[in-house]
Amino acid sequence: MSEVHVHKVQPAWRERALIDNETYQKWYAESVADPERFWAEHGKRIDWFKPYGKVKNTTFDAPVSIKWFEDGELNVSHNCIDRHLATRGDHVAIIWEGDDPAEDRKITYRELHEQVCRLANVLKKHGVRRGDRVTIYMPMIPEAAYAMLACTRVGAVHSVVFGGFSPDSLAGRIVDAESTFVITADEGLRGGKAIPLKENTDKAVDIAARHHVMVKNVLVVRRTGGRIGWADGRDLWYHEETAAVSADNEPERMNAEDPLFILYTSGSTGKPKGVLHTSGGYLVYASMTHQYVFDYHDGDIYWCTADVGWVTGHSYILYGPLANGATTLMFEGVPNYPSVSRFWEVVDKHKVNIFYTAPTAIRALMGAGDAPVKNTSRRSLRVLGSVGEPINPEAWEWYFNVVGDGNVPIVDTWWQTETGGILITPLPGATDLKAGSATRPFFGVQPQLVDNEGKVLEGATDGNLCIVDSWPGQMRTVYGDHERFVQTYFSTYKGKYFTGDGCRRDADGYYWITGRVDDVINVSGHRMGTAEVESALVSHPKVSEAAVVGYPHDIKGQGIYCYVTLMAGEQGSDELRKELVAHVRKEIGAIASPDKLQFAPGLPKTRSGKIMRRILRKIAEDDFGALGDTSTLADPAVVDDLVTNRQNKK
Ligand code: ATP
Ligand code: MG
């Protein structure tokens with residue numbers, strides 16, 4: 001193994017931080033010794049119309065049931081908006097940065113309140129009631145946030161579908177949620193290209209009807225003014241409807257365990273699951289993690305680059321930050337438009353203090369070199385974050401040294417759609433950092449590593465990552481299919497929540513996510529995480545991205561098949577292939593020596609930017625006919641290209 005780089009907490013980080021290491025240790029110990037008491041205290045961070053008496057009522061044994069703050073009553077939009085009006089009504093809640101750098105907008109908490117109240121009244125006028133499911137298929141514009149918050153205000157359950165999904169994918173989610181009200185826009189705009197959201201919605205509504213789910217209304221935001229079809233009686237203009245109703249709306253009193261939203265997972269491992277989150281525990285957990293993980297202080301400008309169509313957008317663009325009264329930046333565009341400096345230009349333009357993005361973006365920007373970063377100041381940055389996949393140490397160091405100029409802490413946050421919020425992460429003023437490690441559990445989170453038979457592994461070891469007790473942000477069920485919930489998460493290891501991820505714990509008790517358990521490679525009896533081999537490849541100066549899978553091998557059981565994307569301007573050759581194989585042997589050892597290495601101009605990714613190894617595995621196995629569910633793939637052409645190259649080699 002190549003040497004692990006430790007970056008100690010710098011004095012400046014500690015001085016500013018809300019939590020130092022002593023406090024972390026103390027709170028963590030309390031949170032696991034007496035979760036009732038810990039969460040009874042921290043549950044008070046949000047406003048309750050009726051305070052909770054009961055804090056925790058959860059069991060991971062059959063029948064699995066998870067309830068937090070179950071007799072409390074609250075409203076999520078009240079917590080994200082109304083309660084801030086008296087003290088910070090004129091503060092900016094949302095900074096919107098358009099796809100076109102010339103376009104931006106600032107929305108204060110008072111303006112947000114008016115917009116959300118109007119939209120809530122529109123929903124009510126058209127018969128949307130508590131518990132009804134509303135599908136939101138929107139570009140990254142403030143109206144997407146208004147739509148989500150308006151749902152929570154009237155007690156409706158939103159299901160946000162990422163605007164990059166096809167009509168079929170949208171239809172599947174409308175049908176699964178049995179949703180009869182859809183909010184969309186005429187078109188989206190990303191990287192200068194228009195996305196036909198309304199046209200896709202029209203198609204999806206027709207497909208849903210064939211599955212007997214009848215959408216009653218489609219509410220349409222005018223974003224580009226592009227030409228669209230119109231169904232009289234069904235379609236409604238957002239600007240007309242919101243102008244015609246009152247700007248006052250009383251939020252519904254909701255029970256803590258009333259559903260807040262349904263969100264489908266990214267689909268990296270198969271058919272997406274309809275994850276259901278509820279109101280009270282989710283908001284407590286999202287806001288608390290947002291505050292402590294990002295060391296958020298009043299007045300900070302906070303930017304999470306995710307799309308609201310993913311859980312990261314739900315918890316860390318919208319609910320966590322707004323519950324904390326923060327200024328949250330919402331970006332409509334993409335990292336490389338108009339140029340690969342865009343992220344850093346936006347950081348400078350809005351003086352962003354906290355910046356949270358994904359390894360896929362970091363690796364892509366790293367591939368374009370340092371100059372586009374170094375052209376910008378980035379002086380405002382105080383915390384950097386990463387989420388979505390393991391971040392290779394090489395990319396981590398680049399993020400730290402080039403983007404952060406070596407003096408900004410990185411929080412590598414491990415979590416899932418299912419977990420509602422961050423579970424394993426450094427805290428900027430408390431945790432010494434190791435490049436590539438998500439480090440330590442957040443308060444109340446009890447990770448455990450087990451072997452394939454479920455035996456608990458202690459100390460420094462490698463295993464399957466489970467969580468042994470509930471935390472408030474945990475999903476409550478798979479929408480409409482509690483049995484699938486129990487089967488997927490609680491049946492592999494009895495009495496434990498199984499994450500599906502593999503993980504290593506080092507001698508300092510730090511956690512390193514090694515990849516999905518399904519992706520683990522077994523070479524001559526040695527189990528290897530994909531992340532480790534990929535990191536070795538990415539540490540070569542000519543490699544920008546790599547994906548590694550196992551394939552059947554007569555002698556070793558499984559062989560190592562590597563797909564490698566080179567840095568801009570580099571060419572693949574037999575010589576370079578040999579050099580990379582030698583490089584991996586040097587970094588990890590002969591056991592990890594790649595058997596096959598294919599240069600790939602692009603890798604198959606989900607629309608949230610995660611590498612889909614299950615498809616690469618099929619290609620490596622020559623099993624081209626059975627690629628499985630590819631509906632969440634960002635660019636299907638990438639797969640054709642890989643298949644062609646693979647076939648040419650045979
Ligand atoms: P599906 O469950 O449908 O296959 P998915 O797992 O990609 O899709 P998400 O909930 O968006 O859906 O992603 C959660 C997963 O992302 C985690 O289980 C883990 O594999 C990976 N992940 C997220 N953050 C990190 C991180 N900081 N380090 C390593 N892996 C991460
Ligand atoms: Mg998953």
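Definitions and cut-offs
- Residues numbered from 1 in each chain as written.
- Chains lettered and ligands numbered in written order.
- Predicted model: local features only at pLDDT ≥ 70, side-chain atom pairs only at ≥ 80, totals over all residues.
- Heavy atoms only, no water.
- Helix = DSSP H or I, 4+ residues; strand = E, 2+ residues; numbered from the N terminus.
- Rg over C-alpha atoms; globule rule 2.2 N^0.38 Å.
- Buried < 20%, exposed > 50% of the residue type's maximum accessible area, 1.4 Å probe, protein only.
- Contact = heavy atoms within 4.5 Å.
- Near = heavy atom within 4 Å.
- Polar contact = N/O pair within 3.5 Å; in protein donor to acceptor, adjacent residues only side chain to side chain.
- Areas by Shrake-Rupley, 256 points an atom, 1.4 Å probe, with all protein chains shown as cover.
- Nonpolar A, V, L, I, M, F, W, Y, C, P; charged D, E, K, R; others polar.
- Lys, Arg positive; Asp, Glu negative; His and termini not counted.
- Salt bridge = Lys/Arg side-chain N within 4 Å of Asp/Glu carboxyl O.
- Domains from an automatic or database assignment.
- Patch = residues over 30% accessible without salt bridge, like charges linked within 9 Å, V, L, I, M, F, W, Y side chains within 5 Å.
- Charge placed at Lys NZ, Arg CZ, Asp CG, Glu CD.
- Expected span 1.5 Å × (residues − 1).
- Core = buried A, V, L, I, M, F, W, Y, C linked by side-chain atoms within 4.5 Å.
- Phe/Tyr/Trp six-rings, centres within 6.5 Å; stacked < 30°, edge-to-face > 60°.
- Lys NZ or Arg CZ within 6 Å of the ring centre and 35° of its normal.
- Axes fitted to C-alpha atoms, helices over the stretch in contact; angles between N-to-C directions.
- Parallel < 35°, antiparallel > 145°, perpendicular 65-115°, else oblique.

Draft legend 1. Examining the overall build of the chain more closely. A tally of regular secondary structure across the chain gives 20 helices and 33 strands. Relative to a compact globule of 650 residues, whose C-alpha radius of gyration would be 26 Å, the chain shows 24 Å and is just as compact. For the chain, the C-alpha atoms occupy an extent of roughly 70 × 55 × 55 Å along the three principal directions. Every one of the 650 residues in the chain was classed for burial, and the buried ones make up 62%. Counted over contacts in the chain with a minimum sequence separation of 6, partners at least 24 positions apart contribute 72%.

Draft legend 2. Structural view of the site of ligand 1. Taken together, 21 residues are adjacent to ligand 1, and Thr-265, Ser-266, Ser-268, Thr-269 and Thr-417 come closest. Interatomic distance of 2.9 Å between a side-chain N/O atom of Gln-416 and an oxygen atom of ligand 1. Between ligand 1 and the protein, one listed contact pairs an oxygen atom with a side-chain N or O atom of Thr-417 at 2.6 Å. Protein contacts shield 95% of the accessible area of ligand 1, which totals 630 Å² for the unbound molecule. Split by residue class, the shell around ligand 1 holds five nonpolar, nine polar and seven charged.

Draft legend 3. Molecular detail of the side chain of Arg-133. For Arg-133, the position within the fold is in strand 7 (residues 133-137). Look at Arg-133: it is buried, it has no salt bridge, and the nearest opposite charge is Glu-178 at 4.5 Å. Side-chain polar atoms of Arg-133 contact the backbone oxygen of Ala-177, separated by 2.8 Å. In contact with Arg-133, not counting residues within four places along its chain, are Val-157, Ala-177, Glu-178, Ser-179, Thr-180, Phe-181, Ile-262 and Tyr-479.

Draft legend 4. Up close: unusual backbone geometry. Omega for the bond connecting Ala-62 with Pro-63 falls within 30 degrees of zero, at -10 degrees, which places this linkage in the cis form. Tracing the backbone through its elements, the reader meets Pro-63 in the loop between strand 2 (56-59) and strand 3 (65-68). Of note, the amide linkage connecting Tyr-337 to Pro-338 takes the cis form, showing an omega dihedral of -5 degrees. Relative to the helices and strands, Pro-338 resides in the loop between strand 18 (327-331) and helix 12 (342-350). Although it is not a glycine, His-212 adopts a positive phi angle of roughly 65 degrees. Summarising the element assignment, His-212 is placed in the loop between helix 8 (197-210) and strand 12 (217-221). Even without being glycine, Lys-351 reaches a positive phi, approximately 55 degrees. In this structure, Lys-351 sits in the loop between helix 12 and strand 19 (354-357). Assessed through its relative accessible area of 52%, Lys-351 is described here as exposed.

Draft legend 5. Expanded view of helix 19 (residues 613-620). Most of helix 19 sits out of view: seven of its eight residues are buried. Within helix 19, the full set of buried residues consists of Arg-613, Arg-614, Ile-615, Leu-616, Arg-617, Ile-619 and Ala-620. Of the residues flanking the end of helix 19, it is Asp-622, one or two places downstream, whose phi is positive at about 60 degrees.

Draft legend 6. A look at the side chain of Ser-287. Within the element layout of this structure, Ser-287 appears in helix 10 (residues 280-293). The buried category is assigned to Ser-287, whose relative accessible area is 1%. A polar side-chain atom of Ser-287 sits 3.0 Å from the main-chain carbonyl oxygen of Leu-283.

Draft legend 7. Seen up close, the domain arrangement of the chain. Under the domain assignment used here, the chain contains domain 1 (111-255) and domain 2 (524-645). Taking only C-alpha atoms into account, the centre of domain 1 sits 40 Å from that of domain 2.

Draft legend 8. Spotlight on a negative patch on the surface. Taken together, the side chains of Asp-176, Glu-178, Asp-481 and Glu-483 define an acidic patch exposed on the protein surface. In this structure, Glu-483 sits in helix 16 (residues 482-490).

Draft legend 9. Representation of helix 18 (residues 574-587) within the structure. With 14 residues, helix 18 ought to run about 20 Å at 1.5 Å a step, and its terminal C-alpha atoms sit 20 Å apart, in line with that. Along its buried surface, helix 18 packs onto helix 17 (530-538), strand 31 (543-553), strand 32 (557-566) and strand 33 (596-599). Two residues or fewer after helix 18 comes Gly-589, characterised by a positive phi angle close to 135 degrees.

Draft legend 10. Expanded view of the nonpolar core. Ranked by internal contacts, the top residues of the largest apolar core, which has 133 residues, are Leu-112, Phe-294, Tyr-319 and Phe-443. For this core, the element with the most residues is helix 6 (residues 142-154), which contributes nine residues. Among residues more than four places away in sequence, those in contact with Tyr-319 are Val-76, Cys-80, Met-148, Leu-149, Thr-152, His-158, Phe-261, Tyr-282, Leu-283 and His-314. Counting residues in hydrophobic clusters, the runner-up holds 54 residues, among them Ile-301, Ala-395, Ile-521 and Ala-592.

Draft legend 11. Up close: the packing of aromatic side chains. Tallied over the full model, the rule gives 46 aromatic pairs. Seen in terms of ring centroids, Tyr-493 and Phe-498 are 5.1 Å apart; in terms of plane orientation they differ by 90 degrees. Their pairing is edge-to-face. By relative accessible area, which is 7% here, Tyr-493 ends up buried. Judged by its relative accessible area of 11%, Phe-498 falls in the buried class. Above the plane of the ring of Trp-96 lies Arg-105, whose end atom (NZ or CZ) is 5.9 Å from the centre. A cation over a ring is seen here: Arg-173 above Phe-165, with NZ or CZ 4.4 Å from the ring centre.

Draft legend 12. View of the packing of helix 10 against helix 11 (residues 311-323). Close contact between helix 10 and helix 11 brings their axes to 8 Å; oriented N to C, the two are set at 90 degrees. When the axis of helix 10 is compared with that of helix 11, the two are roughly perpendicular. Here helix 10 contributes Tyr-282, Leu-283, Ala-286, Ser-287, Thr-289 and His-290 to the contact with helix 11, which in turn contributes His-314, Ser-315, Tyr-316, Tyr-319, Gly-320, Pro-321 and Ala-323. In terms of residue class, the contact of helix 10 with helix 11 is made up of seven nonpolar, six polar and no charged.

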